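What follows is each chain in one-letter form.
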Amino acid sequence: MVKGRMGWDWEPWSVHQRKSNHVVVKLLVFVILVGLIFRFLFSHSTDFQAVPGSPVAVAEIAAAAGEVVGLGDAKPQTDLPSTDAGALVPKSALDVEEQVSQQDKCDLFTGEWIPNPSGPLYTNESCRFIEPPQNCMKNGRPDVGYLFWRWKPHGCHVPPFNATKFLKTMQNKSWALVGDSILRNHAQSLICLLSKAEDPVEVYHDDQYKSRRWHFPSHNFTLSLVWSPFLIKAEIFENDDGESKSENRLHVDTLDKKWTSQYNSFDYIVISGGQWFLKTAIYLENNTVIGCHYCPKLNISELSLESAYSKILNSVFGFVTTSKHKPVVIYRTWTPDHFEYGEWFSGGKCNRTSPYKIREFNGKDVDRVMRKIELEEFDRVATADGSENESNLKLLDTYQLSLLRPDAHPGPYRTFHPFDKNKIAKVQNDCLHWCLPGTIDTWNELTMELITNE
């Protein structure tokens, strides 16, 4: 047989036939495999269906078609199923909601914001618990695009908040949210979401309505808001407008009795530090001054903010881990602000109308530092004594998803129709708290995932 490039012409027919059969078999196997892969990919793709256009465009199209509920005069479309919360969602979303969440295979706190034509689960008209500074729609905010986004974590799906499921799970339980006005913002969101299933009754409030308690009688579920902006004993000399007549005095070794005295009565507790720690403060230990944060006019040594915050969180977590009572404690991480062109007191504003893209904005240095301290302190105590701490201590890391939403703050619409009398009036902006409904509702969806779908 002649060898070389022409060798195939000299091979007998039987050899050609055997090789042809082999080629056909291989080709059939290849086609079958490709078909199986194609079917597998597309049968699991309901969670990644593209939504055309920007959220503003989606909102306009949805409103015109009557797909959005709760923005005033829109009517529901009959071919979309409704959830227990009364909001309309795509059928594919309901299908995915039935799937068992597998948090060990996903990262709830890393992802991106994607358009959501369904819109919010409630509105400023359907929820009576929204406080005026966060009632952006009533205060005259003209754009609505910020309402039509949802958080899409990497590797998993977070279903819409299910109020009925939450209340059934929390039958005869007691919750507390402990912290500052951001926790109050968080609590308002939770109450608005839950009120779609049952209207709560307020059973307590302090003189300034900063600490409050609501009861859901049908489920015997209690939700408490405990005002404790520093989590430790603090002498605060500041009014509601942020004006101080003296430096705050913080006792770093003494926790605030407002929440520790009630600790044993709670089954679930959400705790968080916040922007109050950035304020000028004198620190005390054993009732003795040990330093000060930004006190240039006082003859007191500077105590680094990082050191003070670490010490305070160490006290908080130490109390949680050593207490005989073991509620589920959820620590919510630092909330970044989005003031641009200045701070809240110097003309800073937030007038963006869409989320940041990933890596478009890395946040302020101080925000990253404070969150880093929180993560380090949490990790240290969560793993110190093994699985016991891990089971009752949980981290709600809302920093990254919040960082991407400069569009979701009240901005100038923290007051009622601020530009009615003067279209170019200089108005103080709020670029820290969140409009309701809005981004902060996602915090509660993630909270529900942490506690109900472990």
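In the annotation of an unreviewed UniProt entry, the entry for the protein reads Trichome birefringence-like N-terminal domain-containing protein, and the organism field reads Ensete ventricosum. Taken from UniProt, the Sequence similarities (unreviewed entry) comment for the protein reads in full: "Belongs to the PC-esterase family. TBL subfamily." Per UniProt, the comment on the protein under Subcellular location (unreviewed entry) is "Golgi apparatus membrane".

**Student:** Help me understand the overall build of the protein in this model?
**Tutor:** The helix and strand tally for the protein stands at 11 helices and 13 strands. For the protein, contacts bridging at least 24 residues in sequence account for 72% of all contacts bridging at least 6. A total accessible area of about 23300 Å² is found for the protein, and carbon and sulfur atoms account for 54% of it.

**Student:** Can you walk me through the sheet that holds strand 11 (residues 288–293) in this structure?
**Tutor:** Think of a sheet as strands paired side by side through backbone hydrogen bonds, with each pair either parallel or antiparallel. Strand order in this open sheet of 4 strands is 7-8-10-11, and the pairing throughout is mixed. Only two strands of the sheet have a single neighbouring strand rather than two, namely strand 7 (232–235) and strand 11. Strand-to-strand, the axes of this sheet are offset by a mean angle of 25°, without reference to chain direction. Inspection of the sheet shows strand 7 paired to strand 8 (residues 248–255) by 4 bridges, in the antiparallel sense. Within strand 8, the residue paired with Ile232 across the bridge is Leu255.

**Student:** Could you clarify how one ought to interpret the sheet that holds strand 12 (residues 328–332) in this entry?
**Tutor:** Across the sheet, which stays open at both edges, the 7 strands sit in the order 4-5-6-3-9-12-13 with mixed pairing between neighbours. The sheet is open, and its two borders are formed by strand 4 (201–205) and strand 13 (393–396), each paired with just one other strand. Each neighbouring strand pair of the sheet contributes to a mean axis angle of 20°, computed without reference to strand direction. Two strands pair when backbone bridges link them, and strand 9 (residues 268–271) and strand 12 are joined in this way by 4 bridges, in the parallel orientation. When the bridges of strand 12 are listed, Val270 appears paired with Ile330. Its contacts with the sheet put helix 7 (residues 305–322) on strand 12 and strand 13, and the angle it makes with strand 12 is roughly 165°.

**Student:** Can you walk me through the environment of Leu305 in this structure?
**Tutor:** Considering the arrangement of structural elements, one finds Leu305 in helix 7. Along the backbone, Leu305 and His293 are 12 residues apart, and their C-alpha atoms lie at a distance of 6.5 Å. For Leu305, the contacting residues outside a window of four places in its chain are Phe277, Leu278, Tyr283, His293, Val366 and Met370.

**Student:** What exactly am I supposed to notice about unusual backbone geometry here?
**Tutor:** A cis geometry characterises the amide bond from Leu436 onward to Pro437, with omega recorded as -5°. Along the chain, Pro437 turns up in the loop between helix 10 (399–403) and helix 11 (440–452). Unlike most non-glycine residues, Asn220 shows phi in positive territory, near 50°. On the secondary structure map, Asn220 appears in the loop between strand 5 (212–216) and strand 6 (221–227).

Procedures and definitions
Residues numbered from 1 in each chain as written. Predicted model: local features only at pLDDT ≥ 70, side-chain atom pairs only at ≥ 80, totals over all residues. Heavy atoms only, no water. UniProt positions renumbered as here; feature names shortened; annotations may be inferred. Helix = DSSP H or I, 4+ residues; strand = E, 2+ residues; numbered from the N terminus. Contact = heavy atoms within 4.5 Å. Areas by Shrake-Rupley, 256 points an atom, 1.4 Å probe, with all protein chains shown as cover. Pairing = 2+ DSSP bridges. Axes fitted to C-alpha atoms, helices over the stretch in contact; angles between N-to-C directions.

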